[in-house]
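Each chain is listed here by its residues.
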Amino acid sequence: MARYLARRLLYFIPVIFLVTVVIFAITMLLPGDPALAFLGEGNIHDKVAYETMRKELGLDRPIPLQYALWVGRALRGDLGRSVRTHEAVLGALAARLPVTLELAAVALVIALVIAIPVGIISAARPNSPVDTAATVMAVSGVALPEFFVGILLIYLFAVWLRVLPPSGFVPLSAGLGANLRSILMPAISLGLALNAVTMRQARASLLEVLQEEYITVARAKGLSEGAVIRVHALKNAMIPVITVIGLQIGRLFGGTVVIETIFAFPGMGRLAADSIFFRDFPMLQGVVLVMALAVLICNLLTDALYAYVDPRIRYA
Amino acid sequence: MTARGGLRTLLGGVPGSQWGRLATFLARVIRTRGSLFGLWVLALVLVVAVTATLIAPYNPNRTIGAILQGPAWSYWLGTDHLGRDVLSRLVFGARVAVLAGAVSVGLAVALGVSIGLVAGYRGGWVDDVLMRLVDALWAFPTLVLALAIAASLGPGLSNAMVAIGVVFTPAFARLVRGQALSVREREFATAARALGAGPLRMMLRHIWPNVLSPIIVQSTLMIPQAIIVEATLSFLGLWIEPPNPSWGSMLRQAYQYIERAPWLSLFPGAAIFSTVLGLNLLGDGLRVALDVRLRQRGTV
């Protein structure tokens, strides 16, 4: 298991290198001059200040050297300062990451708590009313954009019924109840698509496993259908489900950009959107880097989970 | 196997003339109510997009009545915050959705297929380098990468489509590489190589026709996703070219008036939902029709 994970870790090194290249290239292409952005509109005609700022930001150096300096500083934990607010990027990220992680975690829990049991029931009773309802829910869930779900929920629960706040994040320190009330609508909006995809996958893979010969043998031994599913089918059926959840983590993080913007959440997603609109390139580099690393770490965890569930993978 | 062989693969080896086989194949695709619904939705959206100038009741960018009017006889879907006809804007928004879906996925297919074919056929270090690059692109959350690329390219629908195309490239590159790797080892490929077929001929005449059907299925499933990403980008206000309408930007504007005019959000949202739903169902129908294993099992 350790060797398998070490091999996966080694594989991530070139990928992380290329991720940094892509981030650097994109932010280099961003229109607008970062030195001018740092100086502000008041000093736009001050040539000496402009040249000093370019030097300070390293913009007078060749691009490959700028890249190497950025990576070097990033490895030491220095991601620069925001062009807009002048705060340290790492500090801003550290303050906002917990909000996004909590939002993503609650969305994941909501999605899985519904998706897995419903998927199992659907597969155990194909073409039953539960199965039909679940299929309609799954097919619709995939087709609904997160921001439209968010708007519908705001209208229903905040404007019409007035039972939940329309926007804003209440930290956990202010009380669990208030925190969950503030996070419920954004988490449902974010988790709906994941719920739909996971439900479909759980149903499809369990249906496939239930047609295997060893399941027929288990049934022939006289085991109840519940025991057949629980003891024999479920573990094998869950392998493709883990793959799908792992693949959807990126979508979950991506979705926070629009959901945190709608619900005015002070998280990484909103920071990403703001840094794009304000051409805050050091902040954008930092946010995108952390999000990409988070996706890679989740991929690694998915691989570890695979190896745990399926011994064939770790011994291959 | 040649391009004609590829069509044969696509049509699942059904006997008869080419048109007859195409009809049989289509009948197989629309066997379920879902994919039939999907086909109707696709046809409707295409017709609306193509004939927008003829069927829209008003100029979508002109104020034609009082602001925020509810659905009425003169304005079927009401008017927006500037007194523009919502139905006309919805009709013209279909053009953006169709363009965004088709062009961005077309670009992703072109880039992804080229990368996948070269990586899968050449193998070795070329494969390693290209696939690590694909993995790096895959590591980014789709929306974040699309936002960042679109922002760096500047505003405009064309740049948004390029951004979405680049973001969707890894899905096609991985798919085609996997197929190319397996096709490369098959007997007909070895025979073609023995007869002196060069790399370009091998890729275009022998491997490409064999990867065609998974690409068609993948494209049908990616187009609705591209429509959602485009709508999200315009909802966030990234590529807006005022006053031209897109479903995402209509939702962005409608959201500001959710208390006074909730129906305004409903129409563009329902347009995105039904288009994406229809295309997803059609994609599923195509997948089942092209996959003999799924068809025989009948469980999907």
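Residues numbered from 1 in each chain as written. Chains lettered and ligands numbered in written order. Predicted model: local features only at pLDDT ≥ 70, side-chain atom pairs only at ≥ 80, totals over all residues.

(A) Quick look at the overall build of chain B. In terms of helices and strands, chain B carries 13 helices and zero strands. For chain B, the sequential pattern of α-helices and β-strands runs α-α-α-α-α-α-α-α-α-α-α-α-α. Its C-alpha atoms put chain B at 75 × 45 × 35 Å along the principal axes. Counting every position in chain B, which comprises 300 residues, the buried fraction comes to 48%. Restricting to contacts in chain B with at least 6 residues of sequence separation, those with at least 24 account for 69%. (Helix = DSSP H or I, 4+ residues; strand = E, 2+ residues; numbered from the N terminus. Buried ≥ 20, exposed ≤ 12 C-beta atoms within 10 Å, placed from the backbone. Contact = placed C-beta atoms within 7 Å.)

(B) Representation of the overall build of chain A within the structure. What chain A contains, in helices and strands, is 13 helices and zero strands. Its helices and strands taken in sequence order, chain A reads α-α-α-α-α-α-α-α-α-α-α-α-α from the N to the C terminus. Once the C-alpha set of chain A is aligned to its principal axes, its extents read approximately 85 × 55 × 35 Å. Buried positions account for 40% of the 316 residues belonging to chain A. Of all intrachain contacts in chain A linking residues separated by at least 6 positions in sequence, the fraction that spans at least 24 positions is 71%.

(C) Representation of the environment of Ala95(A). Structurally, the position occupied by Ala95(A) is in helix α5 (residues 89–124). Note: C-alpha distance between Ala95(A) and Pro266(A) (171 residues apart in sequence) is 8.8 Å.

(D) The arrangement of the packing of α5(A) against helix α6 (residues 129–143) of chain A in detail. Residues and elements named next belong to chain A. Put simply, α5 and α6 touch, their axes get as near as 8 Å, and they point 130° apart. Looking at the two axes, α5 sits oblique to α6. Helix-helix and strand crossings are classified by hand; for α5 and α6 the assignment is left-handed. Counting all contacts with α5, which are made through Val 118, Ile 121 and Ser 122, the residues of α6 involved are Val 130, Asp 131 and Ala 134. The residue makeup of the contact of α5 with α6, split by class, is four nonpolar, one polar and one charged. (Axes fitted to C-alpha atoms, helices over the stretch in contact; angles between N-to-C directions. Parallel < 35°, antiparallel > 145°, perpendicular 65-115°, else oblique. Left-handed = near helix turned anticlockwise from the far one by under 90°. Nonpolar A, V, L, I, M, F, W, Y, C, P; charged D, E, K, R; others polar.)

(E) Inspection of the interface of chain A and chain B at higher detail. Across the contact, 40 residues belong to chain A and 37 residues belong to chain B. If you list the elements that add at least two residues to the side of chain A that touches chain B, you get α1 (2–29), α6, α7 (146–160), α8 (176–209), α10 (225–262), α11 (268–277) and α12 (281–309) of chain A. Counting residues per element, the side of chain A that touches chain B draws most heavily on α10(A), at eight residues. Class assignment of the residues belonging to the side of chain A that touches chain B gives a composition of 34 nonpolar, five polar and one charged.

(F) Main features of the packing of α7(A) against α8(A). Residues and elements named next belong to chain A. Contact pair α7 / α8: the axes reach a minimum separation of 9 Å and the direction vectors enclose 145°. Note on packing geometry: the crossing formed by α7 with α8 is right-handed. On α8, the residues that touch Glu 146, Val 149, Gly 150, Leu 153, Ile 154 and Phe 157 of α7 are Met 185, Pro 186, Ile 188, Ser 189, Leu 190, Leu 192 and Ala 193. Across the contact of α7 with α8, the residue classes tally to ten nonpolar, two polar and one charged.

(G) Fine view of the confidence of the model for chain A. When pLDDT is averaged along chain A, the result is 89; 97% of the residues meet or exceed 70. Mean pLDDT values for the elements of chain A range from 67 in helix α13 (residues 311–315) of chain A up to 95 in α7(A). (pLDDT = per-residue confidence, 0-100.)

(H) Quick look at the environment of Leu223(A). Residue and element names in this part refer to chain A. Topologically, Leu 223 is positioned in the loop between α9 (213–220) and α10. It is 30 Å that separates the C-alpha atoms of Leu 223 and Ile 245, two residues lying 22 residues apart in sequence. The contact partners of Leu 223, leaving out residues within four places of it in the chain, are Ala 218 and Val 228.

(I) Region of interest: the environment of Ile229(A). All names here are of chain A. Looking at the secondary structure, you find Ile 229 in helix α10. Considered as a pair, Ile 229 and His 45 are 184 residues apart in the sequence and their alpha carbons are 73 Å apart. The contacts of Ile 229, once residues within four sequence positions are left out, are Ile 120, Ala 124 and Leu 234.

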